[in-house]
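One-letter residues, chain by chain:
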Amino acid sequence: MTLLGRLLKNRRAGDADTAWNLPNLHGPDLLTLTSRSFDDGGAMPLEHAAKPVGGSNLSPQLAWTSLPAGTAELLLVVEDIDVPLGKPAVHCVALIDPAAGELEPGALAAREPGKGVRVLRSTIGRGYHGPAPVKGHGPHHYVFQLFALAAPVGTTPTARPRAFLPAVTGPVLGRGRLTGVYER
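The rules we used
- Residues numbered from 1 in each chain as written.
- Predicted model: local features only at pLDDT ≥ 70, side-chain atom pairs only at ≥ 80, totals over all residues.
- Heavy atoms only, no water.
- Salt bridge = Lys/Arg side-chain N within 4 Å of Asp/Glu carboxyl O.
- Helix = DSSP H or I, 4+ residues; strand = E, 2+ residues; numbered from the N terminus.
- Buried < 20%, exposed > 50% of the residue type's maximum accessible area, 1.4 Å probe, protein only.
- Core = buried A, V, L, I, M, F, W, Y, C linked by side-chain atoms within 4.5 Å.
- Contact = heavy atoms within 4.5 Å.

Student: Could you clarify how one ought to interpret the pattern of salt bridges in this entry?
Tutor: Side-chain pairs of opposite charge can arise whenever the charged atoms involved come near each other. For the structure shown, the criterion picks out 6 salt bridges. For Arg12, the salt bridge is made with Asp82, and the minimal N-O distance between the two is 3.6 Å. Separated by 70 residues along the polypeptide, Arg12 in the loop between α1 (3-7) and β1 (33-34) and Asp82 in the loop between β4 (73-80) and β5 (89-96) bring together distant segments of the chain. Overall, the relative accessible area of 29% leaves Arg12 in the partly exposed class. Given the relative accessible area of 8%, Asp82 is considered buried. A salt bridge links Asp29 to Arg175, with the shortest nitrogen-to-oxygen separation between them at 2.8 Å. Here Arg175 lies in strand β9 (residues 172-182) and Asp29 lies in the loop between α1 and β1, a separation of 146 residues in the sequence. Using a relative accessible area of 53% as the deciding quantity, one classes Asp29 as exposed. Each of Arg36, Glu102 and Glu104 takes part in one network of salt bridges that share partners.

Student: For this particular structure, what's the right way to read the nonpolar core?
Tutor: Soluble globular proteins tend to bury their nonpolar side chains together. If you look at the biggest cluster of nonpolar residues, it comprises 26 residues, and the most contacted ones within it are Leu76, Ile96, Leu103, Leu108, Phe144 and Leu146. Among the secondary structure elements, those contributing two or more residues to this core are β3 (62-64), β4, β5, β7 (117-119), β8 (140-149) and β9. No other element matches the 4 residues that β8 contributes to this core. Ignoring sequence-local partners within four residues, the contact set of Leu76 consists of Leu62, Cys92, Val93, Ala94, Ile96, Leu103, Leu108, Gln145 and Leu146.

The following block contains the structure:
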């Protein structure tokens, strides 16, 4: 265990400030979000971790149940709720065409996103940024949150997630989440 990991052991952002808990993104929990890469609450494979920790920074495959009627666009937000900061770190924000059906591995890449995917700014940059927690800090929970929106967001937003996410207008027709765990 590294000294920094030990010093920050009990400092964690928590779930309260995730996109899931924003008033404008509340909606019925109708969607089931799954991945062939890991089970809900299960360990994320190294290939999905960031390159500096030995991973490939490959976004995982994601699939969801039938979307509610009237879904115009999907909003995907990935957050690390265990980062030793005041709020969770946003690892990815993307807008997805509902016709996509599912996301194949790597579909959240900044340079070449999958068909029907628009990657936006996150806390770290554009596109998917895999886990890279402080060594020895303990398990980090990466929450993949999917929101079915009744209206498209419109032009590609350039604002940071903490400014963009509260401004998303809905209504949210359905939502689902999947949590992957990664530890160094």
